Amino acid sequence: MAKLNLVEAINLGLKQEMKRDKNVIILGEDVGKDGGVFRVTEGLQKIYGEKRVFDTPLCESGIVGTSYGMAVFGLRPVCEIQFDGFIMPAFDQIITHAVRIRNRSRGRFNVPLVIRCPHGGGIKALEHHSDCPEVLFSHIPGLKVVIPSCPYDAKGLLASAIRDDDPVLFFEPKKIYRSIKEEVPEKEYTIPIGKAKVLQEGNDITIISYGAIIHKVKEAVDRISDVSCEIIDLRTISPLDEETIIESVKKTGRVLIVHEAPGMFGVGAEISALINENALLNLEAPIERVTGSDVVVPLPKLEDYHIPSVERIIEGIKRVINFR
């Protein structure tokens, strides 16, 4: 197995799925000759040609709308939105058409569409380049929302997303595009959408997170030697792996939820409600959340105050553990 970063793992996944299925195509701004703004699709046009990997105008609604039409008629488009904050012009195409056509047509049509999009902050970028809009899309019935935290998961989840017969929004944490490497099988493999991963087993507290912030969670846990932490990487925001979450909470009785997106009406709030509905009597302390601030993502000088730090996560763990 080769050691790959996130960009390389996704690129390999796309390459293999295009080889496996001639109906898989890639489209988006600069995805062809330039290989995308982060070079995730680099080299694919040279291998598969301009009819299967091609550039589009700068128009997100057009990119997703065109992809939707292609998917309805049998292709499996993988379209790219250059940055998370630019996805909003495509919101209407996603929620009004792509996710509804199976229900609207009573099962006559489906939309095997993947929308790839860089996700989150941490790279000191400009406005609209560091957003975390996952909760806006997780609320929409018919749309799967995936956010991997490592190269191995990214490749397997992407293969599952491309093979899925319904729309999948595939967020890629840009902070870790090239900052971590791990062994990734060169052969094809899939990881089920909707199944979380227990990164570390523990007995004292359940820590639930996803995406790039997972790595800060692991660093925080490594600094606390006297607490047995169970870490759950959601991997998929919608659908949530409720079984894994509740099983862990019933074991530990204490919960910390960490995510980069704002806390108000966030993924953490939904998980908190889920736990209260299914494991309230197992809790030994109030559920704690460590999240981004309820503000627009600040410009570079203030970004580190917005994104949960290792220190804030440690403080959150201590508050839950020390509650009596």
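Here, every reference points to the structure presented above.
Residues numbered from 1 in each chain as written. Predicted model: local features only at pLDDT ≥ 70, side-chain atom pairs only at ≥ 80, totals over all residues. Heavy atoms only, no water.

1. Thoughts on the overall build of the protein
Thought 1: Looking only at helices and strands, the protein features 12 helices and 14 strands.
Thought 2: Over its C-alpha atoms the protein spans a radius of gyration of 20 Å, differing by no more than 12% from the 20 Å that the globule rule assigns to 324 residues.
Thought 3: Projected onto its principal axes, the C-alpha coordinates of the protein cover approximately 65 × 40 × 40 Å.
Thought 4: Taken over 324 residues, the protein has a buried fraction of 58%.
Thought 5: The contacts in the protein between residues at least 6 apart in sequence include a share of 81% that link residues at least 24 apart.
Thought 6: With the model as given, the accessible surface of the protein reaches about 14,400 Å², and the carbon-plus-sulfur share is 52%.
Thought 7: Distance between charge centres in the protein, computed from 41 positive and 46 negative side chains, equals 4 Å. (Helix = DSSP H or I, 4+ residues; strand = E, 2+ residues; numbered from the N terminus. Rg over C-alpha atoms; globule rule 2.2 N^0.38 Å. Buried < 20%, exposed > 50% of the residue type's maximum accessible area, 1.4 Å probe, protein only. Contact = heavy atoms within 4.5 Å. Areas by Shrake-Rupley, 256 points an atom, 1.4 Å probe, with all protein chains shown as cover. Lys, Arg positive; Asp, Glu negative; His and termini not counted. Charge placed at Lys NZ, Arg CZ, Asp CG, Glu CD.)

2. Side note on the sheet that holds strand β10 (residues 205–209)
Thought 1: With respect to topology, five strands assemble into an open sheet ordered β9-β11-β10-β13-β14, the strand pairing being mixed. Two strands bound the open sheet, and with one partner strand each, they are β9 (197–200) and β14 (288–292). Mean inter-strand twist for the sheet, computed between neighbouring axes without regard to direction, equals 25 degrees.
Thought 2: Alignment of β10 against strand β11 (residues 229–233), held across five bridges, turns out to be parallel. Bridging from a neighbouring strand, I205 pairs with C229 of β11.
Thought 3: Across the sheet, helix α8 (residues 214–223) is in contact with β9, β10, β11 and β13 (255–262); its angle to β11 comes to roughly 170 degrees. (Pairing = 2+ DSSP bridges. Axes fitted to C-alpha atoms, helices over the stretch in contact; angles between N-to-C directions.)

3. Focus on the pattern of salt bridges
Thought 1: Tallied over the entire structure, the rule returns 20 salt bridges.
Thought 2: The partner of R20 in a salt bridge is E17, with the nearest N and O atoms 3.0 Å apart. With R20 and E17 both in helix α1 (residues 6–20), this residue pair falls three residues apart, about one helical turn.
Thought 3: For R20, a relative accessible area of 38% puts it in the partly exposed group.
Thought 4: Close ionic contact of E17 with R163 constitutes a salt bridge, the shortest N to O distance being 2.8 Å. Here R163 lies in helix α7 (residues 151–163) and E17 lies in helix α1, a separation of 146 residues in the sequence. (Salt bridge = Lys/Arg side-chain N within 4 Å of Asp/Glu carboxyl O.)

4. As for the state of the cysteines
Thought 1: With the rule as written, the count across this model stands at zero disulfides.
Thought 2: C117 carries a free sulfur, and the closest cysteine sulfur to it, the one in C79, is 9.5 Å from it.
Thought 3: Residue C117 is classed as buried on the basis of its relative accessible area of 0%.
Thought 4: Left without a disulfide partner, C150 is nearest to the cysteine sulfur of C132, which lies 18 Å away. (Disulfide = S-S within 2.5 Å.)

5. With respect to the side chain of T291
Thought 1: When you line up the elements, T291 lands in strand β14.
Thought 2: In contact with T291, other than residues within four places in its own chain, are H259, A261, P262, G263, H306, P308 and R312.

6. Description of the environment of D34
Thought 1: With respect to the element layout, D34 can be found in the loop between β2 (24–28) and α2 (44–48).
Thought 2: Here D34 falls in the partly exposed class, since its relative accessible area comes to 40%.
Thought 3: For the pair D34 and D165, spaced 131 residues apart in the sequence, the C-alpha separation amounts to 29 Å.

7. Remarks on the nonpolar core
Thought 1: Of all hydrophobic cores here, the largest spans 47 residues; its most connected members are I94, I115, F137, I208, L234, I271 and I275.
Thought 2: Among all residues touching L234, those that are not within four sequence positions of it are K195, A196, I208, S209, Y210, L240, I245, V267 and I271.
Thought 3: I10, V24, F38 and L44 belong to the second-largest nonpolar core, a separate cluster that totals 34 residues. (Core = buried A, V, L, I, M, F, W, Y, C linked by side-chain atoms within 4.5 Å.)

8. Observations concerning the environment of K174
Thought 1: Checked against the element boundaries, K174 lands in the loop between β7 (168–173) and β8 (182–184).
Thought 2: Taking the C-alpha atoms as reference points, K174 and P262, 88 residues apart in sequence, are found 18 Å from one another.
Thought 3: If we ignore the near neighbours within four places in the chain, the residues touching K174 are F38, F83, D84, P118, H119, G120, I123, H129 and S130.

9. A closer look at the sheet that holds strand β6 (residues 144–146)
Thought 1: The strand order across the open sheet built from seven strands is β3-β2-β4-β5-β7-β6-β12, with neighbouring strands paired in mixed fashion. Edge strands, defined here as strands with exactly one partner in the open sheet, are β3 (53–55) and β12 (236–238). With strand direction ignored, the average angle separating the axes of adjacent strands in the sheet is 20 degrees.
Thought 2: Of the pairings in the sheet, the one linking strand β4 (residues 76–80) to strand β5 (residues 114–119) comprises three bridges and is parallel in character. Of the residues in β5, the one forming a bridge with E80 is R116.
Thought 3: Most of the contacts of α7 go to β7, to which it runs at about 160 degrees, and overall it touches β2, β4, β5, β6 and β7.

10. Comments concerning helix α10 (residues 267–279)
Thought 1: When the terminal C-alpha atoms of α10 are compared, their 18 Å separation across 13 residues agrees well with the 18 Å that a helix rising 1.5 Å per residue should span.
Thought 2: Burial in α10 covers these residues: V267, G268, I271, S272, L274, I275 and A279. On an axial view of α10, the arc spanned by its buried residues comes to 160 degrees, and they lie on one face. (Expected span 1.5 Å × (residues − 1). Arc of directions from axis to C-beta.)

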